[in-house]
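Here's the letter readout for the chains.
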Amino acid sequence: MDSIKNAATQFILTPEYHDLLSIVKGFRNGLVYGAKIRFPHALVMTLLFRRSNFKDMSRFVLKATKQHARNLAFFATIYKTLLIVQRRMHGKERPMDSFLAGLVGGYMVFGENNNVNQQIVLYLFSRIMMGLAKLPVKKNVIAEPTQTFPIFASLVWATVMFLFQNERDVLQPSLQASMQYIYIDSNRWNTLKNFLWHNK
């Protein structure tokens, strides 16, 4: 048993296999991270907002977890493979290589418009917008402005509340549902029970 373990250790530490094994580990890490992130989120959201039998609720949680984990694993595989191919073609890794690898991987893995992909892509979009806003400061193009976050926060909330009241159908269904629960359902009750304990 020790000899098999030693041989496997020797194999994974061999430099010429590093690129291949980094792709395998990227797949593994994408799978694990996707499952760790999606399972508790899907479980909590299902318990809070879905009214169904245990079998259907379990199926929904497992399906969402599988999709999130699989997508991150496949994206990591495509991305890392394309980085390695480009590096070997050009003799070094260039700044745009990551952009091209992300472009291809994003289209192939996240190009289908479904709930899980929307959540992942919108999460990334919000983070890169924040990053792009910080980039001119980092590059010393502009001085760091003050009091930008309060303005940004107020504009985001003003916009979402305007859309919810006037053009609700353009918002994501999950956002509509949460805003309905907080801002509209709170206008209705007819007993102490559905005032304090139950929504309806």
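Report follows, based on the coordinates. Since the model is a prediction, treat every value here as computed from it, not as a measurement. (Residues numbered from 1 in each chain as written. Predicted model: local features only at pLDDT ≥ 70, side-chain atom pairs only at ≥ 80, totals over all residues. Heavy atoms only, no water.)

1. Some thoughts on the packing of aromatic side chains
Given two aromatic rings, their pairing is described by the distance between the two centres and the angle made by the two planes.
For step 1, the next point in the chain: Per the counting criterion, the structure on display carries 5 aromatic pairs.
For step 2, the next point in the chain: Taking 6.0 Å as the distance between ring centres and 55° as the angle between the ring planes, the aromatic pair formed by Phe 149 and Phe 152 counts as tilted. Placement of both Phe 149 and Phe 152 in helix H6 (residues 148-166) is noted, with a separation of 3 residues, approximately one turn of the helix.
For step 3, the next point in the chain: Here Phe 149 falls in the exposed class, since its relative accessible area comes to 52%.
For step 4, the next point in the chain: Overall, the relative accessible area of 42% leaves Phe 152 in the partly exposed class.
For step 5, the next point in the chain: By the ring-pair criterion, three or more aromatic residues cluster together here, those being Phe 75, Tyr 79 and Phe 110.
For step 6, the next point in the chain: One Lys or Arg, Arg 168, reaches over the ring of Phe 164 and ends 4.1 Å from the middle of that ring. (Phe/Tyr/Trp six-rings, centres within 6.5 Å; stacked < 30°, edge-to-face > 60°. Helix = DSSP H or I, 4+ residues; strand = E, 2+ residues; numbered from the N terminus. Buried < 20%, exposed > 50% of the residue type's maximum accessible area, 1.4 Å probe, protein only. Lys NZ or Arg CZ within 6 Å of the ring centre and 35° of its normal.)

2. A word on the environment of Leu 171
For step 1, the next point in the chain: Among the structural elements, Leu 171 can be located in the loop between H6 and helix H7 (173-184).
For step 2, the next point in the chain: Look at Leu 171 and you get buried, because its relative accessible area is 11%.
For step 3, the next point in the chain: Spatially, the C-alpha atoms of Leu 171 and Val 160 are 8.5 Å apart, while their sequence positions differ by 11 residues.
For step 4, the next point in the chain: With sequence-adjacent residues up to four places away left out, Leu 171 is seen in contact with Val 160, Leu 163, Phe 164 and Gln 176. (Contact = heavy atoms within 4.5 Å.)

3. Thoughts on the layout of surface pockets
For step 1, the next point in the chain: The computed volume of the second largest pocket comes to approximately 190 Å³.
For step 2, the next point in the chain: Lining the second largest pocket are Leu 48, Phe 49, Arg 51, Tyr 181 and Asn 199.
For step 3, the next point in the chain: When the residues that make up the lining of the second largest pocket are grouped by side-chain class, the tally is 3 nonpolar, 1 polar and 1 charged. (1 Å grid on protein atoms, 1.4 Å probe; cavity = no way out; pocket = protein on both sides within 12 Å on 5 of 7 lines; lining within 4 Å. Points joined across faces, edges and corners; volume = space filled by probe spheres on them. Nonpolar A, V, L, I, M, F, W, Y, C, P; charged D, E, K, R; others polar.)

4. Let's talk about the packing of helix H3 (residues 54-90) against helix H4 (residues 95-110)
Two packed helices can be described by the angle between their axes and the distance between those axes.
For step 1, the next point in the chain: Remark: H3 packs on H4, axes separated minimally by 8 Å, with the N-to-C direction vectors making an angle of 145°. Regarding H3 and H4, the two cross each other, and that crossing is right-handed. Between H3 and H4, the contacting residues are Asn 71, Leu 72, Phe 74, Phe 75, Ile 78, Tyr 79, Leu 82, Leu 83, Gln 86 and Arg 87 on the first element and Asp 97, Ser 98, Leu 100, Ala 101, Gly 102, Val 104, Gly 105, Gly 106, Met 108, Val 109 and Phe 110 on the second.
For step 2, the next point in the chain: Here the contact of H3 with H4 is composed, by residue class, of 13 nonpolar, 6 polar and 2 charged. (Axes fitted to C-alpha atoms, helices over the stretch in contact; angles between N-to-C directions. Left-handed = near helix turned anticlockwise from the far one by under 90°.)

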